[in-house]
Amino acid sequence: MPLSETSAEHSAQRGTLSYGPLYVSTRSEPPPGKQVESDSKIVWASTTVDWLHVSHSQDNVDLRLEHRIEETKRRLCEQAAANGCDAILGLNFSLARDRGDKALETRSVTIAMLGQCVVLRDTENKEVLF
C-alpha cells in the first residue's frame, strides 16, 4: 500500500491503515521494504461522545461510531505528523461505554487510540542500471 495515499484505506489481512501520507499498523514491524530509521514518543488520541439516552437520534452523523473512530484516527495522525513521524506502529485502540444510570439523561462512548510514532526509510537495494 503506497505511503502517499490521500484517502484512508484498510487491509484486514495486514492490519494496516494508510491515512494521508502516514502509514498506520497494528503490527509493531514496518511494512516490507521499509525499516525504522528513528522512533519518537508514543502518540495517543481519544474522543468521547455524549448523547441523551432518551433520544433516538442515532442516525445523526456526529454520533455514529464510524465517524468518531475516523475523528480519533485523524487526531492521532495529526499528532504523529506534528512530531515529524511518517508512521505509527503497534496501533492499539479501545472503546469504552458507560452503563448509563437511568436517573441520568446522558450516556457516553469513548474511543482511545495509541501507537509508537516512527520515521521509516527504504531498505530496498537500488541497483544502478547502465
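Since the structure is predicted, the reported quantities are computational estimates derived from the model, not experimental observations. For every chain, the first residue of the written sequence is number 1, and numbering continues from 1 onward in sequence order. pLDDT decides what is reported in this predicted model: residues at 70 or higher carry local features, side-chain atom pairs at 80 or more are listed and counted, and totals for whole chains, interfaces and linings draw on all residues regardless. The side-chain quantities take in all heavy atoms of the structure and omit both hydrogens and water.

Asks: Lay out the overall build of the chain with the relevant residues and their values.
Replies: From N to C terminus, the chain includes one helix and six strands. Per the convention used, a helix needs a DSSP run of H or I reaching at least four residues, while a strand needs a run of E reaching at least two, with both numbered from the N terminus. Listing each helix as α and each strand as β along the chain from the N terminus yields β-β-β-β-α-β-β. Type-normalised accessible area, obtained with a 1.4 Å probe on protein chains alone, sets the label of each residue: buried when under 20%, exposed when over 50%, and partly exposed for intermediate values. For the chain, buried positions account for 29% of its 130 residues. Should any heavy atoms of two residues lie within 4.5 Å, those residues are considered in contact. Long-range contacts, defined as pairs at least 24 residues apart, comprise 68% of the intrachain contacts of the chain with a sequence gap of at least 6.

Asks: Give a detailed account of the state of the cysteines, specifying residues and quantitative values.
Replies: A pair of sulfur atoms, both from cysteines and within 2.5 Å, is called a disulfide here. With the rule as written, the count across this model stands at one disulfide. With its sulfur 1.9 Å from that of its partner, Cys 85 forms a disulfide with Cys 117. Because the sign of the S-S torsion sets the handedness, a value of about 115° for the bond joining Cys 85 and Cys 117 places this disulfide among the right-handed ones. Note that Cys 85 is positioned in the loop between α1 (65–82) and β5 (87–97) and Cys 117 in strand β6 (residues 106–122), a separation of 32 residues in sequence. A relative accessible area of 8% places Cys 85 in the buried class. By relative accessible area, Cys 117 is classed as buried at 0%.

Asks: Describe the nonpolar core, and please don't skip the residues or the numbers.
Replies: One recurring pattern in soluble globular proteins: nonpolar side chains tend to sit buried together. Core analysis: the biggest nonpolar cluster contains twelve residues, these being Leu 22, Val 24, Val 43, Ala 45, Leu 76, Cys 77, Ala 80, Cys 85, Ile 88, Leu 91, Met 113 and Cys 117. Looking at which element gives the most residues to this core, the answer is α1, with three residues. Among the nonpolar cores identified, the runner-up in size contains five residues, and Ala 87, Leu 89, Val 118 and Leu 120 belong to it. Joining through side-chain atoms within 4.5 Å is the link that ties buried Ala, Val, Leu, Ile, Met, Phe, Trp, Tyr and Cys residues into a set, and such a set is a nonpolar core.

Asks: Break down the environment of Leu 120 for me, with residues and values.
Replies: Mapped onto the fold, Leu 120 is located in strand β6. Sequence separation between Leu 120 and Ile 88 is 32 residues, and the spatial gap between their C-alpha atoms is 9.8 Å. Once residues within four sequence positions are removed from consideration, Leu 120 is found in contact with Tyr 23, Pro 30, Pro 31, Lys 34, Gln 35, Val 36, Glu 37, Asp 86 and Ala 87.

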